[in-house]
Number of protein chains: 2
Amino acid sequence: MSAPTRPALDFQAAFAARVRGMTASAIREILKVTQQPDVISFAGGLPAPELFPLADVKAAAARVLDTYGPAALQYSTTEGHPPLREWIAAQSGIPAQNVQIVTGSQQGLDLLGKILISEGDTVLVEAPTYLGALQSFQPYLPNYVQLPTDEGGIDVDALEGILKTTRAKLLYAVPNFQNPTGRTLSVERRRRLVELTAEHGVLVIEDDPYGALRFSGEALPSLYALGLELAGDVDRNHVIYSSSFSKTLVPGLRDAWVQAARPIIQKLIMAKQGADLHTPTLNQMIITELLPILPRQIEIVKQAYGERAQHMMARIAADFPGGVDHTVPEGGMFLWVTLPHGIDTQAMLPRAVERKVAYVPGSPFYALGGGENTMRLSYCTATPAQIETGIKALGDTIREALD
Amino acid sequence: MSAPTRPALDFQAAFAARVRGMTASAIREILKVTQQPDVISFAGGLPAPELFPLADVKAAAARVLDTYGPAALQYSTTEGHPPLREWIAAQSGIPAQNVQIVTGSQQGLDLLGKILISEGDTVLVEAPTYLGALQSFQPYLPNYVQLPTDEGGIDVDALEGILKTTRAKLLYAVPNFQNPTGRTLSVERRRRLVELTAEHGVLVIEDDPYGALRFSGEALPSLYALGLELAGDVDRNHVIYSSSFSKTLVPGLRDAWVQAARPIIQKLIMAKQGADLHTPTLNQMIITELLPILPRQIEIVKQAYGERAQHMMARIAADFPGGVDHTVPEGGMFLWVTLPHGIDTQAMLPRAVERKVAYVPGSPFYALGGGENTMRLSYCTATPAQIETGIKALGDTIREALD
């Protein structure tokens, strides 16, 4: 005789209030639809794997284990592997104690959300913005305000108006080759953004995973550098900077960093201790070992992405109908397409998949909705032939939708 | 002329309310004091590095990179590397979809706290309990209730009384060779704990990093297995199980897992996506590659720790004054020493360090205070000679304090 069945525990009732802020990535659900093997996908957000320095990683792993022995596999400090922190700090001319190593920049965003966002705090985000940041911040139940953007990035006049009427805690931005739009914030706007936020006591999180991957135009000063110039003191800079080795070396090791004023770093260390003790030791040592090949690797990646972007834009010019706009990225992995109003890219996606091509509809990138007629295209993992076939098929899909 | 200095942004005012729940690990601060090179330290919580399967890890890393190529370095799924999830699931005879890979069991605790603990929720913890769990849970601002314990672990009669008068959300326990005490919860108490919590609708987190490292006595059923028996359905089990490869293979790769009912796992996946996207791909593949040597490795580690524990207990019997009690661990890494009332082990620590020996005072392991006359000793990284010299010095320190 089996035991009498008890009433099931009500798991839904057990969840914390902040679970209501958690959502599965809309993109993740979309990607499932598009992952048929014969579909040409411009939907992914992955870097090109054929460019990974596979042999270098293999040699680095062996060398690290020979050099450090068991210490490469032991627990290590929460702050991060000292030579890696020092190298990162030296790039910005700041002390190593202002750098915290994190397990992918996603963790940096989560920990920053954890230490900074109280329920209902206003967080300013670009419209559209990086979806992963929304996922990191949402459990902390912020109140989002969308910043209007145009070709030059955030509209700083609009920002000024918002700052005058809204008490904001935080501004989150991706100034270089933004995900999803590929846009870059101009230097004049950078200066005004940094000054305005400083004036209004608003912290800035500058997320810069793609900055090193500029394939045209001139490098611009980071918000972090401008904030440092303004504050005159690394520990009074109101800009927090986040970057990663995921797009320049490899993403699967999950090595990234945050650099910020000491009061922020001190709380980050505590938050990280509770979150995962430390970033994997071996991985940090492998990344450190790969630093000498980083400049070469950056050249390889940006040349490839630059060629693929050019090719995609040329094919768009040839194959898309009139009335369709797109951004012209100067680096990074994405471009952004705006179709005539009235076309819903989410509704159009099944038609594109029927024609064996996929993209990500734009509206999930808006914290508060919008962009129904937009889409994100990644050019970085497609071959020239795939770009030709895929863009032609997408052009046909759009033409059909316009009819 | 330099720019006028602006008033510094008030970082302290910018922090979220939950930051007040974050503290630097008390142990971490203590360890700094004890890390003089000539001090014999029983204070650490690290596994013995000379037992790490270094050559196997090196071979596994090379094999993984050869076999999987760039996929070993690419982004991967949030749930975890499928073969690793399947292997873990098979150990408990459950489906792989009930397993979530996490970046060290610390991350599992953080994510469980994130999805389950609302501010003010009552969390039942052993007195004393694992400090890292308190650090993971504290940012979510729980209300702790301490469960009295004795040689057999949690006092389940006391638990029953508390459950009748307190509406608790969660019970957190380490039933096997607990950190910090080395105690094991008896099988009768396990059954009652599982029944009582099920009856009162209280979720249980069973943290089991040391379970495989039993060097004496008989293996006992996990709370998870007893919960499964009671619920009769893997997706209705109110016990959530957490374990890790950190103590059996190596900690520096940060590979651990949570197994639980699907409603819990579904929210964990979302929380993990926001927290770090996924556990490093390469590391999960290396761990999977090491699974064939896991049984051999467990034998090596538990034999070594068993010998070291025996040796330490023999030296304690010979060198400590009367009136000092200690636990007799059947596995794991720690034993727990109780001195006569009135001796404060925190105050005594500098005297011990003067005699070139270190331990961790017990009171930081109490969520609500207590245990001023207790200390945790780790036997797992000390040589026989260090155990002899260190225990003698510690005996002398205690004798001096008793005078």
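Please read all numbers here as calculations on a predicted model, not as lab measurements.

Draft legend 1. Region of interest: the domain arrangement of chain A. Residues and elements named next belong to chain A. In terms of domain boundaries, chain A breaks down into domain 1 (18-52 + 296-402) and domain 2 (54-292). Counting residues at the interface gives 36 residues for domain 1, matched by 36 residues for domain 2. Summing both partners gives a buried area of about 3200 Å² for domain 1 against domain 2, and 63% of it is carried by carbon and sulfur. Among the residues domain 1 hides against domain 2, the three largest losses belong to Phe 52, Glu 330 and Phe 365. Together they make up 20% of the total. The shortest N-O distance in the salt bridge between Arg 214 and Glu 330 comes to 2.6 Å. Seen at the junction of domain 1 and domain 2, the total is 11 residue pairs in polar contact (both at pLDDT 80 or more). Breaking the side of domain 1 that touches domain 2 down by element, the ones donating at least two residues are helix H2 (26-34), helix H12 (294-319) and strand E12 (334-338). Here the side of domain 1 that touches domain 2 takes 8 residues from H12, the largest share from any one element. Here the side of domain 1 that touches domain 2 is built from residues that sort into 21 nonpolar, 9 polar and 6 charged.

Draft legend 2. Examining the sheet that holds strand E8 (residues 203-207) of chain B more closely. Residue and element names in this part refer to chain B. Judged by pairing direction, the sheet is mixed, and its 7 strands sit side by side in the order E2-E10-E9-E8-E7-E3-E4 without closing on themselves. Sheet topology places strand E2 (99-102) and strand E4 (143-147) at the edges, where each strand pairs with a single neighbour. When the angles between neighbouring strand axes are averaged without regard to direction, this sheet yields 20 degrees. As defined by bridge partners, strand E3 (residues 122-126) adjoins strand E7 (residues 170-173) across 3 bridges and the pair is classed as parallel. When the sheet's bridge partners are listed, Leu 124 is paired in E7 with Leu 171. Lying on the sheet, helix H7 (residues 156-165) is in contact with E3, E4 and E7; it crosses E4 at an angle near 150 degrees. The strands touched by helix H9 (residues 223-231) are E8, strand E9 (239-244) and strand E10 (256-259); relative to E9, the strand with the most contacts, the crossing angle is about 150 degrees.

Draft legend 3. A look at the packing of helix H3 (residues 54-68) of chain A against helix H3 (residues 54-68) of chain B. Direction vectors running N to C along H3(A) and H3(B) enclose 180 degrees, while the axes themselves pass 10 Å from each other. In this view, H3(A) runs roughly antiparallel relative to H3(B), as classed from their interaxial angle. Together, Leu54(A), Val57(A), Lys58(A), Ala62(A), Leu65(A) and Asp66(A) of H3(A) and Leu54(B), Val57(B), Lys58(B), Ala62(B), Leu65(B) and Asp66(B) of H3(B) make up the contact between the two elements. A per-class count over the contact of H3(A) with H3(B) returns 8 nonpolar, no polar and 4 charged.

Draft legend 4. Region of interest: the relation of the copies chain B and chain A. Turning chain B through 180 degrees and shifting it by 0.0 Å along the axis lays it on chain A, with an RMSD of 0.0 Å. The operation mapping one copy onto its partner corresponds to a two-fold rotation axis.

Draft legend 5. The arrangement of the UniProt feature "domain: Aminotransferase class I/classII large" (unreviewed entry) in chain A in detail. The UniProt record annotates "domain: Aminotransferase class I/classII large" (unreviewed entry) at residues 53-394 of chain A. Here residues 53-394 of chain A runs as 44% helix and 15% strand, with 32 Å between its end C-alpha atoms.

Draft legend 6. Structural view of the pattern of salt bridges. Applying the stated criterion across every chain yields a total of 40 salt bridges over all chains. Through salt bridges with shared partners, one network takes in Asp157(A), Glu160(A), Lys164(A) and Arg192(A).

Draft legend 7. Layout of the packing of aromatic side chains. Tallying each qualifying case throughout the model produces 14 aromatic pairs over all chains. Measuring from centroid to centroid gives 6.0 Å for Trp336(B) and Phe365(B), while their planes differ by 80 degrees, and the two rings are edge-to-face. Of this pair, Trp336(B) sits in strand E12 (residues 334-338) while Phe365(B) sits in the loop between strand E14 (360-361) and strand E15 (374-378); the two residues are 29 residues apart in sequence, bridging distant segments of the chain. Taken individually, Trp336(B) and Phe365(B) each receive the classification buried, so the pair is uniform in this respect. Members of the aromatic cluster, joined through ring pairs, are Trp87(A), Phe245(A) and Trp257(A). Here the basic side chain of Lys267(A) rests over the ring of Phe15(B), its NZ or CZ set 5.5 Å away from the ring centre.

Draft legend 8. Spatial organisation of the nonpolar core. In this structure, Leu159(A), Leu171(A) and Leu171(B) are the most contacted members of the largest nonpolar core, which totals 103 residues. If near-sequence neighbours (up to four positions away) are discounted, Leu171(B) is found in contact with Leu124(B), Leu147(B), Ile154(B), Leu159(B), Leu193(B), Thr197(B), Val202(B), Leu203(B), Val204(B) and Ile205(B). Residues Leu213(B), Val258(B), Ala304(B) and Ala393(B) belong to the second largest nonpolar core, which totals 86 residues.

Draft legend 9. The interface of chain B and chain A, seen in detail. Across the boundary between the two partners, chain B contributes 87 residues, which contact 86 residues of chain A. Roughly 7400 Å² is buried in total at the junction of chain B and chain A, and carbon and sulfur atoms are behind 63% of that figure. On the surface where chain B and chain A come into contact, there are 4 salt bridges. Counting the contacts that link chain B with chain A gives 33 residue pairs in polar contact (both at pLDDT 80 or more). Contributing elements (two or more residues each) for the side of chain B that touches chain A: helix H1 (11-14), H3, helix H5 (105-116), helix H6 (131-137), helix H8 (187-199), helix H10 (262-276) and helix H11 (281-290) of chain B. Per-element tally for the side of chain B that touches chain A: the top contributor is H10(B), with 10 residues.

Draft legend 10. How the structure looks around the sheet that holds E12(A). Residues and elements named next belong to chain A. Here 4 strands make up an open sheet; going across it, the order is E11-E12-E15-E14 and the pairing antiparallel. Either end of the sheet is taken by a strand with one partner, and the two such strands are strand E11 (325-326) and strand E14 (360-361). In the sheet, E11 pairs with E12 via 2 bridges, with the strands oriented antiparallel. In the strand pairing of E12, His 326 is matched with Val 337.

Draft legend 11. Quick look at the side chain of Lys272(A). All names here are of chain A. In this fold, Lys 272 is placed in helix H10 (residues 262-276). Given the relative accessible area of 0%, Lys 272 is considered buried. In this structure, Lys 272 is in contact with Thr 78, Gln 100, Ile 101, Val 102, Thr 103, Gln 107, Leu 111, Leu 277, His 278 and Thr 279, ignoring residues within four places of it in sequence.

Draft legend 12. A look at the environment of Leu220(A). Residues and elements named next belong to chain A. Turning to its location among the elements, Leu 220 is positioned in the loop between strand E8 (203-207) and helix H9 (223-231). Considering only alpha carbons, one finds Leu 220 and Thr 77, 143 residues apart in sequence, at a separation of 34 Å. Leave out the neighbours within four places in its chain, and Leu 220 touches Thr 184, Leu 185, Ser 186, Val 187, Arg 190 and Arg 214.

Criteria and cut-off values
- Residues numbered from 1 in each chain as written.
- Chains lettered and ligands numbered in written order.
- Predicted model: local features only at pLDDT ≥ 70, side-chain atom pairs only at ≥ 80, totals over all residues.
- Heavy atoms only, no water.
- Domains from an automatic or database assignment.
- Contact = heavy atoms within 4.5 Å.
- Buried area = accessible area lost by both parts, 1.4 Å probe.
- Salt bridge = Lys/Arg side-chain N within 4 Å of Asp/Glu carboxyl O.
- Polar contact = N/O pair within 3.5 Å; in protein donor to acceptor, adjacent residues only side chain to side chain.
- Helix = DSSP H or I, 4+ residues; strand = E, 2+ residues; numbered from the N terminus.
- Nonpolar A, V, L, I, M, F, W, Y, C, P; charged D, E, K, R; others polar.
- Pairing = 2+ DSSP bridges.
- Axes fitted to C-alpha atoms, helices over the stretch in contact; angles between N-to-C directions.
- Parallel < 35°, antiparallel > 145°, perpendicular 65-115°, else oblique.
- Least-squares fit on C-alpha atoms with pLDDT ≥ 70 in both.
- UniProt positions renumbered as here; feature names shortened; annotations may be inferred.
- Phe/Tyr/Trp six-rings, centres within 6.5 Å; stacked < 30°, edge-to-face > 60°.
- Buried < 20%, exposed > 50% of the residue type's maximum accessible area, 1.4 Å probe, protein only.
- Lys NZ or Arg CZ within 6 Å of the ring centre and 35° of its normal.
- Core = buried A, V, L, I, M, F, W, Y, C linked by side-chain atoms within 4.5 Å.

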